[in-house]
Amino acid sequence: MNQSLLPVSPLCAAIGVQTPYDLVEAAGTKVAISRHGAGQPILCLHATAHGGRDFESLSNALVPLGFEMVCVDWPGHGRSPPDASGEPASAKRYAAVLEDLIPILFGKAKPIVIGNSIGGAAALIASLSMPEAMRALVLCNPGGLAPLDRLATTVIHLLVKFFEAGSRGARWFPWAFGLYYRLVLSGKPAHTQRARIVAAGQEMASILVEAWRSFGQADADLSGKVANLSLPVLFAWAKSDQIVAWSRSKRAVETMPQAKVEFFKGSHAAFLEDPSAFQDALLAFLGALSDSPLRPDVELT
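Residues numbered from 1 in each chain as written. Predicted model: local features only at pLDDT ≥ 70, side-chain atom pairs only at ≥ 80, totals over all residues. Heavy atoms only, no water.

Colleague: So what exactly am I meant to see when it comes to the packing of helix H5 (residues 150-167) against helix H6 (residues 173-184) here?
Modeller: For any two helices packed against each other, the geometry comes down to the angle between their axes and how far apart the axes lie. In the contact formed by H5 and H6, the axes pass within 9 Å of each other and the chain directions differ by 140°. Judged by the angle between their axes, H5 and H6 are oblique. The crossing of H5 and H6 is left-handed. For the pair formed by H5 and H6, the contact residues are Leu159, Phe162, Phe163 and Gly166 on the first element and Phe173, Ala176, Phe177 and Tyr180 on the second. (Axes fitted to C-alpha atoms, helices over the stretch in contact; angles between N-to-C directions. Helix = DSSP H or I, 4+ residues; strand = E, 2+ residues; numbered from the N terminus. Parallel < 35°, antiparallel > 145°, perpendicular 65-115°, else oblique. Left-handed = near helix turned anticlockwise from the far one by under 90°. Contact = heavy atoms within 4.5 Å.)

Shown next, in the form of structure tokens:
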């Protein structure tokens, strides 16, 4: 059967973009896309085993201010069918999807790209190959910036084993995954979406295996490349992250010529865990990109 016609699990669909949405073909597969509002486009890219619904409250806050909020479900996530290309999940694969999506979705317009975790790594890879297609990046605890040293490879190995047990259907996995996600999304405002993610954990375990294996590959290390990035970047770092730690990514960030860093409550996704502070910082950053204060009737160019 054509994978794009396979039914989507209700548990996974609950995490992803909500209706109305469209399936858009990019890089040999189809991904679910939701679009709300009008104005300067903001493209939102989620973490592994998450979905476009991560950005629901952010969209609700920004649409009335004159932004178009565009959210993606990565292949095999949310309402997107499995990746028809057969390629495993990785930041490199998602960057290829992103590079196809941007001109399809926006034409010559330049979106602000918000990327979390693997979504942030995919945004970095794409921005290095096509910086002219984006206005700026907002990166929330992105992957790829910490050194791929012995500590990193050990953690990656342990997490791959953990998710492999889930993909085999280990009876203890749903309980353990729930505990794990209390570390990943510790902030109270993220509770509802965290519960949805935990409920679908066993179904997403095989994609988590693929993604975490990819993090241990040499080409996942972006730390030596980002000094060449010419775009303005806001790093919105959830400061309690125990896996994508600021202390291990700091050196790479400091090489970036237009990087601004702000810290927030939470463990992995500031826009979910510290939403009001994140929204204030985002609007200030976007306002600084234009010559005049950001208002609903001011379009960034």
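Having put the structure on the table, let's press on.
Colleague: Can you walk me through the pattern of salt bridges in this structure?
Modeller: Pairs can form between side chains of opposite charge whenever their charged atoms are close. According to the stated counting rule, one finds ten salt bridges in the structure shown. With a closest N to O distance of 3.8 Å, Lys92 and Asp219 form a salt bridge. You can see Lys92 sitting in helix H3 (residues 91-106) and its partner Asp219 sitting in the loop between helix H8 (201-215) and strand S7 (233-238), a full 127 residues away along the chain. Residue class for Asp219 comes out partly exposed when judged on its relative accessible area of 37%. Salt-bridge contacts for Lys161 lead to Glu164; the nearest nitrogen and oxygen are separated by 3.8 Å. Within this pair, Lys161 and its partner Glu164 are both found in helix H5, separated by three residues, close to a single helical turn. Owing to a relative accessible area of 47%, Lys161 belongs among the partly exposed residues under this scheme. You can call Glu164 buried: its relative accessible area is 15%. (Salt bridge = Lys/Arg side-chain N within 4 Å of Asp/Glu carboxyl O. Buried < 20%, exposed > 50% of the residue type's maximum accessible area, 1.4 Å probe, protein only.)

Colleague: Please clarify how H3 should be interpreted in this entry.
Modeller: Here H3 is 16 residues long and its end C-alpha atoms lie 21 Å apart, about the 22 Å a rise of 1.5 Å per residue gives. When H3 is considered as a whole, its buried residues turn out to be Ala91, Arg93, Tyr94, Ala95, Val97, Leu98, Leu101, Ile102, Leu105 and Phe106. At its buried positions, H3 is contacted by strand S1 (22-26), strand S2 (29-37), strand S3 (40-45), strand S4 (67-73), helix H4 (118-129) and H8. Following H3 by one or two positions, Gly107 adopts a phi angle in the positive range, close to 60°. (Expected span 1.5 Å × (residues − 1).)

Colleague: I tried to follow the layout of surface pockets on my own but got confused; where do I start?
Modeller: Of the voids in this model, the largest pocket is the one considered here, and its volume is about 640 Å³. Around the largest pocket, the lining comprises 35 residues; the ones closest to its centre are Gly143, Trp212, Phe215, Ile243 and Val244. Residue assignment for the lining of the largest pocket shows that the elements contributing at least two residues are H4, H5, H6, H8 and helix H9 (246-253). Here the lining of the largest pocket gets five residues from one element, more than from any other, and that element is H5. Here the lining of the largest pocket is built from residues that sort into 24 nonpolar, eight polar and three charged. (1 Å grid on protein atoms, 1.4 Å probe; cavity = no way out; pocket = protein on both sides within 12 Å on 5 of 7 lines; lining within 4 Å. Points joined across faces, edges and corners; volume = space filled by probe spheres on them. Nonpolar A, V, L, I, M, F, W, Y, C, P; charged D, E, K, R; others polar.)

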